[in-house]
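These are the residues of each chain, in order.
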Amino acid sequence: MIDWRRHQWAEETRCSLTERITLCSCNLFREIYALQIACLNISEGPKREDFYRFIIIITFARMISARVSVSLLFNFFINFEMFQKKINTTYIIPYPRPAIVTQPVDIHYNFCKLKPLSPEETLEEQLLLESFAWPETPSLPSPLFMNSSSDPAHSTFTILPRKREGQWQIGDKLEALIKIYDFMGRPKKYGADVLLARLHNPTLGAGVAGQVVDHLNGSYSAVFSLLWEGSAQVEVTLVHPSEAVTELRRVNIEEPDRIYFKSQFRSSLLTRTTTCNVCLRPTQPVCNYTDLRTGEPWFCYKPENMSCDTRISNYNGGYKESLTTMEKLFQSGVNMKVSIPASGPANVTVFPKQKGQLEVNSSSVESEPSGYYYQGVWRALDGTTVHQFNTSSAITQCLKGKLVHMYGDSTMRQWFEYLNAALPDLKEFNLHSHKSVGPLMALDYANNIFVMFRAHGPPLRTFSVPSMELHYIANELDNVLGGTNTVVVFGIWAHFDTFPVGFYIRRLMSIRSAVVRLLSRAPGTVVVIRTGNPKPYTSLGAFVHSDWYTFQRLKALKAIFKGLNVHLVDAWEMVLAHHLPHSMHPQPPIIKNMINVFLSYICPPKGGFTSWADFLILGLKAFSG
């Protein structure tokens, strides 16, 4: 008996048989259809003709024995003839290397063929998009006049006075009013600028991210929690003017394929290379490499005179240039990632909290930052006690007997490399795999520690790697047994900024479903997620790496995994609050703090003081309070 489940996905080809015979659901027609699918994988020539005759004979005998009506027999042979005529344009590659060649008419109108959603998922996606929807931005005239766009040099921020009498104290909320002006010095009348804010003290190694509220009239509030004693300096940065957001949004809609990928196909002595993407313009037939288990889509243009199942590799093909005529909106040092000056003092002095003195709160924001730095050490504000794993022995003791599975992009691979370098007894096993994709594996036999890394499935900008090594995180999680000795950590964000946010939402939904299944069968499994972070970029790189793209995906990730028994390492705030410059791959001091948070989730303190530093900090808090 042919396993029909392996061929259910083939219904997407909409062949004439499924269109015209309404009894396709019965076992007989399923077997017939599967036989027809099999014949498509036989090369042109006598062998295929012989196979056609074989199918006709078998089919006729099966239909007679099943007492199928004459009219259905007649319809079958008519449809089979049409099916034969169609095989030159639609090819189906069987399990386990699924690939369908789809004609251009089957591509969606916007040429990004995303994974279909259930009604419940569609509603969730709509609510998600509404929750972090960016304010409307102005249309751009052509030619562009910079005079009316946001200018950080003319803009200002002002620290507002304390709402209650007295001095600023630990626990208060400090608010700065930001006013945006254009290049003519005129106040802006609408919002949607991209702003970042932080409060810091370089001497104390202290810093915390601020929360920016858009009042939609050209003014903004930046709200900060006062968390340390001493000086606290406000810093506000214009990442993009609102006019640049208009262009970023347009490019993401009109040019979602600006980053493109290549795959090599090889058969005997013939080798060809074609373009691949989830967004392929409908100019020629494509091979459909949609994952059977997750439904995650991926396509390549079909190589001429070659089968889809001859694909052997995947790599970053390049980047489209000349995407915009609005280059003036993306000038480093002029209007992109430029500090806004203060109108008046840029810092305040914070005193210990006084007994009986009420804290000053803000009506602008309700949420708290996830943490802050003090003396270069990250301290969480979500109730997690962050232990300082300053020695290799402390890390080893925490990971003893643990299986650590890491999945994601190169920012996740950083963690694997950090542990591999920090633990002398953790030895990397050479699997002869590509470093950028993996799998990478390291073992500490004496302490029974296993650490592995594997890159997420496409899209993945990397050097040429075997296509079979591109695994989807959801599928990998389904293969993890789980348990109290198992840790799963993933970070997936950097390669999704150039695609529609709906593509990223669907990927996270697939991963979430796998996480739910994992925690259902093994509730003791520790699951940790690393978020995206701010990064530097040039005017050209803004259309790939813009913090505006990353920030939206950060919001989506937090919302999708909210309420699950998972832990978050908020890389966005940990990079933003630190004094070191932003980097796609944060510098070692930041990575060390991330690893400390990660390990603290695995090995939470079991009462008492985790270090002398914690003892002293707690004592200072008690003394000041």
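Rules of the game
Residues numbered from 1 in each chain as written. Predicted model: local features only at pLDDT ≥ 70, side-chain atom pairs only at ≥ 80, totals over all residues. Heavy atoms only, no water. Pairing = 2+ DSSP bridges. Helix = DSSP H or I, 4+ residues; strand = E, 2+ residues; numbered from the N terminus. Axes fitted to C-alpha atoms, helices over the stretch in contact; angles between N-to-C directions. Contact = heavy atoms within 4.5 Å. Parallel < 35°, antiparallel > 145°, perpendicular 65-115°, else oblique. Left-handed = near helix turned anticlockwise from the far one by under 90°. Salt bridge = Lys/Arg side-chain N within 4 Å of Asp/Glu carboxyl O. Buried < 20%, exposed > 50% of the residue type's maximum accessible area, 1.4 Å probe, protein only. Disulfide = S-S within 2.5 Å.

Caption draft 1: The sheet that holds strand β26 (residues 567-569), seen in detail. As summarised here, the arrangement of the seven strands in space is β20-β21-β22-β19-β24-β25-β26, forming an open sheet in which the pairing is mixed. Unpaired on one side and paired on the other, β20 (427-429) and β26 mark the two borders of the sheet. When strand polarity is set aside, the average angle formed by the axes of neighbouring strands in this sheet is 20°. Direction of pairing for strand β19 (residues 403-408) relative to strand β22 (residues 449-455): parallel, over a ladder of six bridges. When the bridges of β22 are listed, Tyr-407 appears paired with Arg-454. Across the sheet, helix α14 (residues 588-602) is in contact with β19, β24 (486-491), β25 (526-530) and β26; its angle to β26 comes to roughly 170°.

Caption draft 2: A look at the packing of helix α5 (residues 119-131) against helix α10 (residues 501-521). Between α5 and α10, the shortest axis-to-axis distance is 11 Å and the interhelical angle comes to 125°. With respect to α10, the axis of α5 lies oblique. Note that α5 runs across α10; the crossing there is right-handed. Between α5 and α10, the contacting residues are Glu-121, Glu-124, Glu-125, Leu-128 and Leu-129 on the first element and Val-501, Gly-502, Ile-505, Arg-506, Met-509 and Arg-512 on the second.

Caption draft 3: Here's a closer look at the pattern of salt bridges. Inspection of the entire model under this criterion finds 25 salt bridges. Across the salt bridge formed by Glu-417 and Lys-435, the nearest N and O atoms sit 3.5 Å from each other. On the criterion of sequence distance, the pair formed by Glu-417 in helix α8 (residues 410-422) and Lys-435 in the loop between β20 and β21 (440-444) is long-range, its members being 18 residues apart. With a relative accessible area of 53%, Lys-435 lands in the exposed category. Between Lys-535 and Asp-547 there is a salt bridge; the shortest N-O distance is 3.7 Å. Of this pair, Lys-535 sits in the loop between β25 and α11 (542-545) while Asp-547 sits in helix α12 (residues 547-560); the two residues are 12 residues apart in sequence, bridging distant segments of the chain. For Asp-547, a relative accessible area of 2% puts it in the buried group. One continuous salt-bridge network, built from bridges that share partners, spans Lys-337, Asp-497, Lys-535, Asp-547 and Arg-553.

Caption draft 4: The state of the cysteines, seen in detail. By the definition in use, this model includes four disulfides. Disulfide pairing is shown between Cys-112 and Cys-279; the S-S distance is 1.9 Å. Taking the sign of the S-S torsion, 110° for the link of Cys-112 and Cys-279, the bridge is right-handed. Taken together, the residues span a long stretch of sequence, with Cys-112 in the loop between β2 (99-102) and α5 and Cys-279 in the loop between β11 (270-277) and β12 (286-288) at a distance of 167 residues. In this pair, the class of Cys-112 matches that of Cys-279, namely buried. One disulfide bridge connects Cys-287 with Cys-308, the sulfur atoms lying 2.0 Å from each other. With the S-S bond torsion at -80°, the cross-link from Cys-287 to Cys-308 turns out left-handed. In this pair, Cys-287 is assigned in strand β12 and Cys-308 in the loop between β13 (299-301) and β14 (311-319), connecting sequence segments 21 residues apart. Looking at Cys-287, the relative accessible area reads 0%, which means it is buried. Its relative accessible area of 2% is what places Cys-308 among the buried residues.

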